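Residue-level listing of the chains:
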Amino acid sequence: MKRVVVGLSGGVDSSVAAYLLQEQGYEVIGLFMKNWHDDSVTISNECPWLEDSNDALLVAEKLGIPFQTVDLSEEYKEKIVDYMFKEYEQGRTPNPDVLCNREIKFDVFLKIALSLGADYVATGHYCRKGILEKDGKEIYQLLAGKDGNKDQSYFLCQLSQDQLSKALFPIGELTKPQVREIAAKLDLITAEKKDSQGLCFIGKVRLPDFLQQQLQPKEGIIIEVPEEASIFNQEMPNFTSEEDIFAYESRNRDYSNEIGKTVGKHQGAHYFTKGQRKGLNVGGTKEGLYVIETDVEKNIIYTGQGANHPGLFKKALFIKNDEIHWIREDLALQPNEKREVMARIRYRQPLQKATLHQFENGMYVVFEEPQSAITEGQFVAWHHDDEVLGSGVIS
């Protein structure tokens, strides 16, 4: 009998995942990860992790499976929180959920599971795993979940072959309504529970509030750049190589104060991210203002009016070699190779046509259509049909 450790989060998805594994004949153990214990930053006065771990315990009792809580707050602080602050201070926008899967659930947590004699770790993610035979060797595939509205394969885009070999995703074939229906039939306490928002496992904390408590405010100016500014109508220089063209198309534009007018003040450029609309507190513009660039060095935010402002769009992005990650190592590109893929630069974005171009010092992802708010520090993931082939950090 194979043993599986399920990460029970106190939500409906992982509850049903545990039940399905039981039905499939696995020996199931439930583990709740406690990743946070610094109460000074849990802004809401409710203590969500206590409530969540209690729900997880009740689900385990109902299913009759062993249950325990593991405290991973040290590792979480070091691998996720500290990393995020470093990124924010450099004006990049990290994705805590992608990191949490790579560094915590399928690393620290996986090791604990293996030490308990488990063959697999399972989570309540909406995605699927495939297995191929190639040259007599098994290759694992990360596939999109069947529920198009809930597909979470993006969050797992940094997993390795080794991690996937030990992973199970029991609800990947189901839709959310089907999952809720199973939970209701079993009369699980989590059946009606709302989906958790907020930072992976910190509880119901909004990321900006969390950061603002930690990063020092620093007043700076907000500049509005008109869409007819000459910077958006420059002729492309004549380049002799594709690589130079892509470098030009993926560059950050060089904004200066002269290019627009000062329309307000902010409390720190590092609190803002490209494409952001809320929190600028500047009124009186015909269309809403969007952040088109943040300059953390000079502490200036550049904005433009409306979702179609030319400052929001770029056709290409760059990934440094050491930040390129192939789930399908057998399909990795060699220098000067290219491949047509479908790609996305954020969770839930519809897949976009793109071409990967690998060069000596890194890879360009060149989109057919210009993309809005390509953000440094976020992940781009690329697909073939419903399989995620790899991902990388936008540099």
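Attention here is on the structure that accompanies the text.

The rules behind these values
Residues numbered from 1 in each chain as written. Predicted model: local features only at pLDDT ≥ 70, side-chain atom pairs only at ≥ 80, totals over all residues. Heavy atoms only, no water. Helix = DSSP H or I, 4+ residues; strand = E, 2+ residues; numbered from the N terminus. Rg over C-alpha atoms; globule rule 2.2 N^0.38 Å. Core = buried A, V, L, I, M, F, W, Y, C linked by side-chain atoms within 4.5 Å. Buried < 20%, exposed > 50% of the residue type's maximum accessible area, 1.4 Å probe, protein only. Contact = heavy atoms within 4.5 Å. Pairing = 2+ DSSP bridges. Salt bridge = Lys/Arg side-chain N within 4 Å of Asp/Glu carboxyl O. Axes fitted to C-alpha atoms, helices over the stretch in contact; angles between N-to-C directions. Bend = angle between axes of the 7 residues up to and from the residue. Polar contact = N/O pair within 3.5 Å; in protein donor to acceptor, adjacent residues only side chain to side chain. Phe/Tyr/Trp six-rings, centres within 6.5 Å; stacked < 30°, edge-to-face > 60°. Lys, Arg positive; Asp, Glu negative; His and termini not counted. Parallel < 35°, antiparallel > 145°, perpendicular 65-115°, else oblique. Left-handed = near helix turned anticlockwise from the far one by under 90°.

Quick word on the overall build of the protein
A tally of regular secondary structure across the protein gives eight helices and 18 strands. Scaling as 2.2 N^0.38, a compact globule of 395 residues should have a C-alpha radius of gyration of about 21 Å, and the protein matches this with 23 Å. Summarising its shape, the C-alpha atoms of the protein cover approximately 65 × 55 × 35 Å along the three principal directions.

Considering the nonpolar core
Soluble, globular proteins show a tendency: their nonpolar side chains are buried together. Counting 50 residues, the largest nonpolar core has Ile-104, Phe-109, Leu-142 and Phe-169 as its most contacted members. Per element, the largest residue contribution to this core is nine residues, and it comes from helix H4 (residues 96-115). When sequence neighbours within four positions are dropped, the list of residues in contact with Leu-142 reads Cys-127, Arg-128, Ser-153, Leu-156, Cys-157, Leu-164, Phe-169, Ile-327, Asp-386, Glu-387 and Val-388. Grouped together as the second largest cluster of nonpolar side chains are 27 residues, Leu-8, Tyr-19, Ile-65 and Ala-122 included.

Here's the deal with the sheet that holds strand S7 (residues 167-168)
Reading across the sheet, the five strands line up as S3-S2-S1-S4-S7 and stay open at both edges, with parallel pairing between neighbours. Only two strands of the sheet have a single neighbouring strand rather than two, namely strand S3 (67-71) and S7. The pairing of strand S4 (residues 120-122) with S7 spans two bridges and is classified as parallel. From the neighbouring strand, Ala-122 faces S7, where its bridge partner is Leu-168.

What about the pattern of salt bridges?
A full pass over the atoms with the stated rule returns 25 salt bridges. Where Asp-82 meets Lys-77, a salt bridge forms, and the shortest distance between an N and an O atom there is 2.9 Å. The partly exposed category is assigned to Lys-77, whose relative accessible area is 44%. The residue Asp-386 makes a salt bridge to Arg-128 at a minimum N-O spacing of 2.7 Å. Placement of Asp-386 in the loop between strand S17 (379-384) and strand S18 (387-393) and of Arg-128 in strand S5 (residues 127-134) is noted, with a sequence separation of 258 residues between them.

Section: the sheet that holds strand S10 (residues 289-295)
Taken in spatial order, the four strands line up as S9-S8-S11-S10 in an open sheet, and their pairing is mixed. Every interior strand has two partners, whereas the edge strands, strand S9 (261-266) and S10, have only one. The sheet shows a mean angle of 30° between the axes of neighbouring strands, direction not considered. Pairing geometry for strand S8 (residues 220-224) and S9, over five bridges, is antiparallel. When the sheet's bridge partners are listed, Ile-221 is paired in S9 with Lys-265.

As for H4
Along H4, the sharpest kink reaches roughly 30°, centred on Phe-109. Within H4, 14 of the 20 residues are buried, leaving the element largely enclosed by the surrounding structure. With a side-chain oxygen lying 2.9 Å from the backbone nitrogen of Asp-97, the N-terminal cap of H4 falls on Asn-95.

Some words on the packing of aromatic side chains
Applying the stated criterion across every chain, the model contains twelve aromatic pairs. Considering the side-chain rings of Phe-318 and Tyr-364, the 4.7 Å spacing of their centres and the 45° angle between planes classify their relative orientation as tilted. In this pair, Phe-318 sits in strand S12 (residues 313-320) while Tyr-364 sits in strand S16 (residues 362-372), placing the two residues 46 residues apart along the sequence. The class of Phe-318 is buried, set by a relative accessible area of 15%. Through a chain of ring-to-ring contacts, the aromatic side chains of Phe-246, Phe-318, Phe-359 and Tyr-364 assemble into a single cluster.

A look at the environment of Leu-50
When you line up the elements, Leu-50 lands in helix H2 (residues 48-63). Taking the C-alpha atoms as reference points, Leu-50 and Asp-254, separated by 204 residues in sequence, lie 48 Å from one another.

Some words on the side chain of Lys-314
Mapped onto the elements of the fold, Lys-314 is located in strand S12. Glu-376 provides the closest opposite charge to the buried, unpaired Lys-314, separated from it by 5.4 Å. From its side chain, Lys-314 meets the backbone oxygen of Arg-251 in a polar contact 3.4 Å long. A distance of 2.9 Å separates a polar atom in the side chain of Lys-314 from a polar atom in the side chain of Asn-252. When sequence neighbours within four positions are dropped, the list of residues in contact with Lys-314 reads Glu-249, Ser-250, Arg-251, Asn-252, Lys-274, Pro-370, Gln-371 and Ile-374.

Considerations on the pairing of strand S15 (residues 352-359)
Buried residues dominate S15, accounting for seven of its eight residues. Pairing geometry for strand S14 (residues 338-344) and S15, over six bridges, is antiparallel. Bridge pairing in S15 links Met-342 to Lys-353. The turn joining S15 and S16, which pair antiparallel and follow one another in sequence, is formed by two residues.

So, unusual backbone geometry
With a phi close to 60°, Asn-299 is a non-glycine residue in the positive phi region. Summarising the element assignment, Asn-299 is placed in the loop between S10 and strand S11 (300-305). One non-glycine residue, Arg-348, lies in positive phi territory at about 70°.

Some points on the pairing of S16
Pairing between S12 and S16: seven bridges, direction antiparallel. Following the sheet pairing, Ala-316 is matched in S16 by Val-366.

A word on the packing of helix H1 (residues 12-23) against helix H6 (residues 176-185)
It is the contact of H1 with H6, at a shortest axis distance of 9 Å, that shows an interaxial angle of 70°. As far as their axial angle goes, H6 and H1 are roughly perpendicular. Seen along the crossing, H1 lies across H6 with a hand that is left-handed. Two secondary-structure elements touch here, H1 through Val-12, Asp-13, Val-16, Tyr-19 and Leu-20 and H6 through Lys-176, Val-179, Arg-180, Ile-182 and Ala-183.

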